[in-house]
Amino acid sequence: MPGWYFDKKELRNTPSAAAGLDYKTEMRYRKEGARFIIDTGMKMDLGYNTTATGVVYFHRFYMFHSFQQFPRYVTACCCLFLAGKVEETPKKCKDIIKIARNLLTDQKFVTFGADPKEEVMTLERILLQTIKFDLQVEHPYQFLLKYAKCLKGDKTKLQKMVQMAWTFVNDSLCTTLCLQWEPEIIAVALMYLAGKLSKFEVMDWVGRASKHLRWWDMFVEDITMDLLEDICHQVLDLYSQPAPKSPSDSPPPSATKPHSPPIQSTSRQSNGSEKIAHISPESLPPPLNTRIPPPSEVPQFPYQTFTHAPPPLTSYAPVSFAAPPVNTPPPMAGPPPPVAPPHLAGPPPNVYPPYVGHPPPFTPVVPPPTGPPPYFSNGMPPPTPGHRQYYPPP
Amino acid sequence: MQNNHHSGHPNSAMNMREKEKYIENFNFPFCEESSKYQKLAKIGQGTFGEVFKARDISNPKKFVAMKKVLMDNEKEGFPITALREIRILQLLKHDNVVNLIEICRTKASAANRYRSTFYLVFDFCEHDLAGLLSNVNVKFSLGEIKKVLQQLLNGLYYIHYNKILHRDMKAANVLITKNGVLKLADFGLARAFSNNKNGMPNRFTNRVVTLWYRPPELLLGERNYGPPVDLWGAGCIMAEMWTRSPIMQGNSEQQQLTLISQLCGSINPQSWPGVENLELYKKMELPQEQKRKVKERLKPYLKDPYAIDLLDKLLVLDPSKRADADTALNHDFFWTDPMPCELGKMLANHTQSMFELLAPARRATQINRHHSMSRPTTSAVQDSGYQDRVF
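Residues numbered from 1 in each chain as written. Chains lettered and ligands numbered in written order. Predicted model: local features only at pLDDT ≥ 70, side-chain atom pairs only at ≥ 80, totals over all residues. Heavy atoms only, no water.

S.K.: Please explain the overall build of chain B as it appears in this structure.
M.R.: Helix and strand counts for chain B come out as twelve helices and twelve strands. Scored against the burial criterion, the 391 residues of chain B give a buried share of 58%. Counting only contacts in chain B whose residues sit at least 6 apart along the sequence, the fraction spanning at least 24 positions is 66%. Taken as a whole, chain B presents about 16,300 Å² of accessible surface, with 49% of it coming from carbon and sulfur. (Helix = DSSP H or I, 4+ residues; strand = E, 2+ residues; numbered from the N terminus. Buried < 20%, exposed > 50% of the residue type's maximum accessible area, 1.4 Å probe, protein only. Contact = heavy atoms within 4.5 Å. Areas by Shrake-Rupley, 256 points an atom, 1.4 Å probe, with all protein chains shown as cover.)

Below you can see the structure in the form of structure tokens.
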């Protein structure tokens, strides 16, 4: 039985592709669907966990069905509806549809048919069977926070780095990364990226052992630089995609804004030898979810909240979820200070120079794997015989 | 494979009829059809549906229990309670927790309006503890009782360690295989909990746990509860191993509290600091001047002094002072002679499945009152040497 991770070839050989959809368009549909789930979730005050779970269901669904046959926005609603129940933050189907109605153009809402609720309900059974009732999904967020707690260094800089990494994790939902790599690896890669962009070099960390070349060696084994670079580029590529030209096919207005021209430096070779450090910071457009809300209506949604103020790494404020999900979400900081997200202005202009021409002194031990990575056995060894801990003690 | 209905136009979504056809023909790779199992008999009624014993057609020696997910009257699609149970069962993999094999579906067709019925499929367990206790011919030695309780507490230790509350501990939800392996079952009311040290109290529903096994904190309206609720049930079950019937059979929440006070002593801020803050503390009638009689009243049954001491530590009014699973497992009761011993040999004398549902009159009142079970109508079947008595 296949797992939920696919190699790049499989990602190009989806049911949609088999039915004639080109890869670029499929990626755009995936991005739009994910974006729509994030926007709808945000409007409904659903937490980042619920939203991310919905997005993962969405990506998995289209590994078995085509976009041609299942319109993406109906599927997106259904995924969010199911994720709400699974993560103990249930929302009524009709309320989700109401939000969708507001977010979508008439033309797009037509796909919901005469009885939108019935449409979503029917799809829920298909969705459940398609995702094998694998309801529990883990996301990079929790690992990001866990790892960040171990890093030593300037607190302000660390905070900034975590904040940027968090934004990258948000945006990574719009890619197919969750179909390729475990959340732990995505977290490491995007912290690596954020570290570079925010000029936070990790020199020391809690629990360091002599065999650890990099801080992440403590958490995941055998990550190669090529792999990290590849993951980072998949996220960075999001920012280099021009806005769709045809207005009829464009994503919901709230989700897009014109992006800067494509970054030439991201035209990377297939061998993955190009390093992130070669991207000019000035050309890095803002991440996708940087609609600037007026300070008065800063959304409560953690995505945005965190973009403004990531949680302090030492002390956590209460979670505001009515019913905590099985996986206690990392508690969020209180109301964010009304400051503009730092990444709006892009990383500081002098982030790069120190790195240019200084690729990390790190030689990959093994070539980057093509299939599902061997880094984690899905059944982690139990701490004591017969006991398996699923939730790390807080 | 699945694209045979695709019309070729990239934006032509299916209409309802095409979708129905698509569902009928799509071979969901991960969700097999329930027809791979042959239903044999109805063996119970869970929190959200009927339970059947069935045989794996491709492996006729393999028996399973199939729990139907009731989806009628569901305005919000697949029931959240079923999703919760599935998710929890998928997480919990332990010898003393019932094993969820898979989730099956009936094929969607015009006959079911293209709506599959779903079944949770479990490893089959021959007995449940309530059924065994109701059979006077089943006699447990002290070592065997220790084995039962040790496995029960092991299961609880494991689920609590994984931050899950069972919330429906009772003898009928404790299954035992013919080899004597105990399995906690029916996670239909279970939920995850977190240690709320961030200052935000939990607001769980207190309408959980079958009345006779419900701990005093729930009866007094506590919503910020935790693992001790399951340990109270474990205490009730422990006593039942000797008394053979539930020890406190109240017929109302008020009466249950009275019975608890009569056994465990008066409920007041002296015996239980903070109890005065519980929502129903002033609303319920709490008999005062009651002496604690746990040891006195149960000594004639339990006899073993270690057993009485452990029971005394489980049936503690104040949940914060109640023994947790780990403490209970370390109690001398489990580490003194006679040591816990295997149940398989004793159970080998009994070749008839014993389920509470199938037991004659003993628990009829309990069944009717608390879980509105209907009597099954399936006829008896014979297989694997186990006869399922059904009425």
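S.K.: Just checking my understanding: could you explain the overall build of chain A for this structure?
M.R.: Counting its secondary structure elements, chain A contains 13 helices and zero strands. When the helices and strands of chain A are read in sequence order from the N terminus, they spell out α-α-α-α-α-α-α-α-α-α-α-α-α. A burial count over chain A gives 59% of its 394 residues as buried. Taking the intrachain contacts of chain A between residues at least 6 apart in sequence as the baseline, contacts between residues at least 24 apart amount to 80%.

S.K.: Looking at this structure, how should I read the packing of helix 3 (residues 23-43) of chain A against helix 6 (residues 93-103) of chain A?
M.R.: Between two packed helices, both the angle of their axes relative to each other and the distance between the axes serve to describe the pair. Residue and element names in this part refer to chain A. In contact at an axis separation of 10 Å, helix 3 and helix 6 are set at 115° when each is read in the N-to-C sense. Handedness of the crossing formed by helix 3 with helix 6: right-handed. Contacts between helix 3 and helix 6 involve Phe36, Asp39, Thr40 and Lys43 from the first element and Ile96, Ile99, Ala100 and Leu103 from the second. Class assignment for the residues of the contact of helix 3 with helix 6 results in five nonpolar, one polar and two charged. (Axes fitted to C-alpha atoms, helices over the stretch in contact; angles between N-to-C directions. Left-handed = near helix turned anticlockwise from the far one by under 90°. Nonpolar A, V, L, I, M, F, W, Y, C, P; charged D, E, K, R; others polar.)

S.K.: For this particular structure, what's the right way to read the pairing of strand 1 (residues 37-45) of chain B?
M.R.: Note on strand geometry: in a regular strand, side chains alternate between the two faces of the sheet. Residue and element names in this part refer to chain B. With seven of its nine residues buried, strand 1 lies for the most part within the structure. Here seven bridges tie strand 1 to strand 2 (residues 50-56), and the two strands are oriented antiparallel to one another. What sits directly across from Lys42, in strand 2, is Phe52. (Pairing = 2+ DSSP bridges.)

S.K.: Would you mind going over the pairing of strand 5 (residues 118-123) of chain B with me for this structure?
M.R.: Residues and elements named next belong to chain B. Of all six residues that make up strand 5, five are buried, and the element is covered over most of its length. Strand direction decides the pairing type here: strand 3 (residues 63-68) and strand 5, joined by five bridges, are antiparallel. Along strand 5, the bridge assignment pairs Lys68 with Tyr119. Two elements, strand 4 (residues 100-105) and strand 5, share five bridges in a ladder whose sense is antiparallel. In the strand pairing of strand 5, Arg105 is matched with Phe118.

S.K.: Help me out: how do you make sense of the packing of aromatic side chains in this one?
M.R.: Geometry of an aromatic ring pair is reported as the spacing of the ring centres plus the angle between the planes. Applying the stated rule across the entire model yields 26 aromatic pairs over all chains. Between Trp215 of chain A and Trp216 of chain A, the ring centres sit 5.4 Å apart and the planes meet at 80°, which makes this aromatic pair edge-to-face. Relative to Tyr225 of chain B, the ring of Phe204 of chain B has its centre 5.4 Å away and its plane inclined at 70°; by these criteria the two rings are edge-to-face. In this pair, Phe204 of chain B is assigned in the loop between strand 10 (191-192) and helix 5 (216-219) and Tyr225 of chain B in the loop between helix 5 and helix 6 (228-243), connecting sequence segments 21 residues apart. When its relative accessible area of 5% is taken as the criterion, Tyr225 of chain B is described as buried. Cluster of aromatic residues (ring-pair linked, three or more members): Tyr29, Phe58, Phe61, Tyr62, Phe67 and Phe70 of chain A. Lying over the aromatic face of Phe52 of chain B, Lys39 of chain B brings its terminal NZ or CZ to 4.1 Å of the ring centre. (Phe/Tyr/Trp six-rings, centres within 6.5 Å; stacked < 30°, edge-to-face > 60°. Lys NZ or Arg CZ within 6 Å of the ring centre and 35° of its normal.)

S.K.: Looking at this model, I keep getting lost on the environment of Glu20 of chain B. Mind explaining?
M.R.: The topology assignment puts Glu20 of chain B in helix 1 (residues 16-25). Along the chain, Glu20 of chain B and Ala108 of chain B lie 88 residues apart, while their C-alpha atoms are 8.1 Å from each other.

S.K.: Before we go on, may I ask you to explain the sheet that holds strand 3 of chain B in this structure?
M.R.: Adjacent strands of a sheet form backbone hydrogen bonds with each other and so pair up, either parallel or antiparallel. Residues and elements named next belong to chain B. An order of 1-2-3-5-4 is seen for the five strands of this open sheet, with the pairing classed as antiparallel. Both edges of this open sheet fall to strand 1 and strand 4, since each of them pairs with a single strand only. Looking at each pair of strands side by side, their axes are set apart by 30° on average, direction ignored. Bridging between strand 2 and strand 3 involves five bridges; their strand directions are antiparallel. Residue pairing for strand 3: Arg55 is matched across the bridge by Phe63.

S.K.: What should I look at first to understand helix 10 (residues 155-172) of chain A in this one?
M.R.: Because each turn of an α-helix spans 3.6 residues, side chains separated by three or four positions end up pointing in the same direction. All names here are of chain A. If you check helix 10, its first and last C-alpha atoms are 25 Å apart, about what 18 residues at 1.5 Å a residue would give, namely 26 Å. In terms of residue burial, helix 10 counts as a mostly covered element, since 13 of its 18 residues are buried. Its side-chain oxygen placed 3.1 Å from the backbone nitrogen of Thr156, Asp154 serves as the N-cap of helix 10. (Expected span 1.5 Å × (residues − 1). Polar contact = N/O pair within 3.5 Å; in protein donor to acceptor, adjacent residues only side chain to side chain.)

S.K.: Explanation requested: the state of the cysteines in the structure shown.
M.R.: Each disulfide is one covalent bond, formed between the sulfur atoms of two cysteines. Within this structure, the stated rule accounts for zero disulfides over all chains. Distance from the sulfur of Cys78 of chain A, which forms no disulfide, to the nearest cysteine sulfur (Cys79 of chain A) is 5.9 Å. Counting only cysteine sulfurs, Cys125 of chain B is the nearest neighbor of Cys341 of chain B, a cysteine outside any disulfide, at a range of 20 Å. (Disulfide = S-S within 2.5 Å.)

S.K.: Teacher, can you tell me more about the sheet that holds strand 8 (residues 174-176) of chain B here?
M.R.: Residues and elements named next belong to chain B. Here we have three strands laid out as an open sheet, ordered 6-8-9, and antiparallel in their pairing. The strands lining the two open edges of the sheet, one partner per strand, are strand 6 (127-128) and strand 9 (182-184). The pairing of strand 8 with strand 9 spans three bridges and is antiparallel. In the strand pairing of strand 9, Val174 is matched with Leu184.

S.K.: Even after reading the chapter, I still don't get the environment of Arg125 of chain A, so can you show me in this structure?
M.R.: Here Arg125 of chain A lies in helix 8 (residues 116-130). Judged by its relative accessible area of 13%, Arg125 of chain A falls in the buried class. For the pair formed by Arg125 of chain A and Cys78 of chain A, sequence separation is 47 residues and the distance between their alpha carbons is 9.8 Å. Every residue in contact with Arg125 of chain A, bar those within four places of it in the chain, is listed here: Met71, Arg115, Ser116 and Phe118 of chain B.

S.K.: Just to check I follow, could you spell out the pattern of salt bridges for this structure?
M.R.: A full pass over the atoms with the stated rule returns 29 salt bridges over all chains. For Arg35 of chain A, the salt bridge identified is with Asp39 of chain A, shortest N-O distance 3.4 Å. Here the residue Arg35 of chain A and the residue Asp39 of chain A both occupy positions in helix 3, the gap between them amounting to four residues, near one helical turn. The partner of Glu32 of chain B in a salt bridge is Lys36 of chain B, with the nearest N and O atoms 3.2 Å apart. Each of Arg28, Glu32 and Arg72 of chain A takes part in salt bridges that share partners, so that together they form one network. (Salt bridge = Lys/Arg side-chain N within 4 Å of Asp/Glu carboxyl O.)

S.K.: Just to check I follow, could you spell out the domain arrangement of chain A for this structure?
M.R.: Interfaces are often described in size by the accessible area the parts lose on coming together. All names here are of chain A. The assigned domain composition of chain A is domain 1 (1-136) and domain 2 (138-251 + 266-288). Taken together, the contact pairs 28 residues of domain 1 with 26 residues of domain 2. Broken down residue by residue, the surface that domain 1 buries against domain 2 is led by Tyr5, Lys31 and Tyr48, which jointly contribute 26%. For the pair domain 1 and domain 2, the number of links is one salt bridge. Here Lys8 ties to Asp230 by a salt bridge, and the two come within 2.8 Å at their closest N and O atoms. Applying the counting rule to domain 1 against domain 2 returns five residue pairs in polar contact (both at pLDDT 80 or more). Every element with two or more residues in the side of domain 1 that touches domain 2 is listed here: helix 1 (8-12), helix 3, helix 4 (48-61), helix 5 (72-86) and helix 7 (106-109). Take the side of domain 1 that touches domain 2: its biggest share by element is nine residues, from helix 3. (Domains from an automatic or database assignment. Buried area = accessible area lost by both parts, 1.4 Å probe.)

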